[in-house]
Amino acid sequence: MADVIDHPSRTAAAETRAATGYNFAYLDEQTKRMIRRAILKGVAVPGYQVPFGSREMPLPYGWGTGGIQVTAAVIGPDDTLKVIDQGADDTTNAVNIRSFFAKTAGVATTEKTVEASVIQTRHRIPETPLSEDQILVYQVPIPEPLRWLEPRETETRKMHALEEYGAMHVSLYEDIAKYGRITKSYNYPVKVNGRYVMSPSPIPKFDNPKMDRMPALQLFGAGREKRIYAVPPYTRVKSLDFEDHPFTIETWDQCCALCGAGDSYLDEVVTDDKGGKMYVCSDSDYCEQRREAGHVGDGGDPAYAARNQIPAGDAPAGDEPAGDEPAGDKQ
Amino acid sequence: MAPMTDIKPGFRDPVLDSQATFRAVLDAMARPGRLRTLALLEDPPAPLAPATAAVCLALVDQDTPLWIAPDLRSQAAETFMKFHCGCPIVDDRAKAAFAIASAAKLPSLGGFAIGDDAYPETSTTVIVQTVGLAAGDGLTLSGPGIEDTHRLAVSGLRSGVWREWMENGVLFPCGIDLILVDGATLAALPRTTTVTEA
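As the structure is a computational prediction, the values presented were derived from the model and not from experiment. (Residues numbered from 1 in each chain as written. Chains lettered and ligands numbered in written order. Predicted model: local features only at pLDDT ≥ 70, side-chain atom pairs only at ≥ 80, totals over all residues. Heavy atoms only, no water.)

Student: Mind showing me how you'd approach the interface of chain A and chain B here?
Tutor: It is common to give the size of an interface as the accessible area that goes away when the parts come together. Tallying the contact residues gives 51 residues for chain A and 52 residues for chain B. Between chain A and chain B, roughly 4300 Å² of surface is buried when both sides are summed, and carbon and sulfur atoms account for 60% of that area. Among the residues chain A hides against chain B, the three largest losses belong to Ile-5, Leu-40 and Lys-41 of chain A. Together they make up 16% of the total. The interface formed by chain A and chain B includes seven salt bridges. Across the salt bridge formed by Asp-177 of chain B and Lys-41 of chain A, the nearest N and O atoms sit 2.9 Å from each other. For the pair chain A and chain B, the interface holds 21 residue pairs in polar contact (both at pLDDT 80 or more). Elements supplying a minimum of two residues to the side of chain A that touches chain B: strand 1 (3–5), helix 1 (11–20), helix 2 (29–44), strand 2 (50–51), helix 3 (65–74) and helix 5 (153–161) of chain A. (Contact = heavy atoms within 4.5 Å. Buried area = accessible area lost by both parts, 1.4 Å probe. Salt bridge = Lys/Arg side-chain N within 4 Å of Asp/Glu carboxyl O. Polar contact = N/O pair within 3.5 Å; in protein donor to acceptor, adjacent residues only side chain to side chain. Helix = DSSP H or I, 4+ residues; strand = E, 2+ residues; numbered from the N terminus.)

Student: Mind showing me how you'd approach empty space enclosed by the protein here?
Tutor: Over the atoms rolls a probe the size of a water molecule, and in doing so it shows where empty space is left. Residues and elements named next belong to chain A. Counted under the stated rule, the structure contains one cavity of 30 Å³ or more. Space inside the largest cavity adds up to approximately 110 Å³. The set of elements that each furnish at least two residues to the lining of the largest cavity consists of helix 5 and strand 8 (196–198). No other element matches helix 5, which puts four residues into the lining of the largest cavity. Within the lining of the largest cavity, the residues separate by chemical class into five nonpolar, three polar and five charged. (1 Å grid on protein atoms, 1.4 Å probe; cavity = no way out; pocket = protein on both sides within 12 Å on 5 of 7 lines; lining within 4 Å. Points joined across faces, edges and corners; volume = space filled by probe spheres on them. Nonpolar A, V, L, I, M, F, W, Y, C, P; charged D, E, K, R; others polar.)

Structure representation (structure tokens):
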């Protein structure tokens, strides 16, 4: 039953080291050991933020230094890395981080979710369900879900220790009292394994249900805030809510204009200066896979759908407009 | 101090072998009870198992005090750890970040560092050398990392360990984590794992 782990393939890794002059995956070994120990304790205490000695990376804090350090500590020469930024593989942050590891670790990279063994992400979870063989690494700007309620670290640490989360529930309730619903659309707080309240990073709340009992291991790195945390596979992750105001996710009236997907998170894209716009999948790989499989969207023309009779079941019924996608700082 | 020639060799490639070992431990910790075998270290210092030595090489250093149980604390083991890991070796297991013990003479689990509610990560990770690990039989495991339940048979443990493990679980978020070792094979039990004896 046990998979034997033999010496990893060395050639590519050794060549990379010789060519770049950097240690494998950039970080020195002592830093990696420190990060690895933090990751293991994070897995042992799901949802708890383990402090770690975050290093200076060759890009500014706020651009994914936490995620990069976690990936650097985890990745090996036999891994295949995918990096996404708001779901897309082809945005600046994603392209740079991918090429950083291609250069410093010599690892294979991919844009296909199913081919990746390590996926580093900024603000999305891929639409394609992840498997047991994959590790999802989140870039986290503010790891402390209680930070906006209590600025003092000494206090929030005590609140976590005592499982004192009343303030969080009050803040969600205040939303309901003021607006009739919980208005938090991203970075929606979750409770992990019934104990720790955790920030899921600024993913849209649309992605929260994917975290629950996910077969893949989820690791979170916050570089500036120097915290690592984790959700082991098949662990309960519950979005905070109330019995009479249950948690709901965003829905759209539209399907993806390119691939017709009715089940994915959509980005609003402005197409001209006359108010023209279309909605497309935020997950570029998912959209690509669907288009390759022959799915076609309406190209942004609502009449198209009617003309070409896209099955109604494909389109979700919903009342909430899209467009409240994660903002926040670039992490 | 033993002469240099008596020190058993460490990893052939410290960088990549550490990474492979860490991933095995991470996988084991994320999926409690699942077995991982590391064919990375052929000649560990007696009486340490290959997986015990490999885990220490990958994770132990000057920042992590190590405790070695008296029955395993040979000159060879101590020299190996001091030379390769550069770690302080402590006599008080409540001060250890990592500990090595044999299954038969595993000291009471309550004597290790359990961390505190504000910093639960400061607990000891205990490496336990068993005489046999097998999946699909024996104990029933459940908890985070396990889809439904997982079976793991652990041989050679002294009696009473699983009762103490239950007490360890009650301490959550405090508590120790176990890495069970059998030769080159390892499995892990984080503090969240519930163990039911069949």
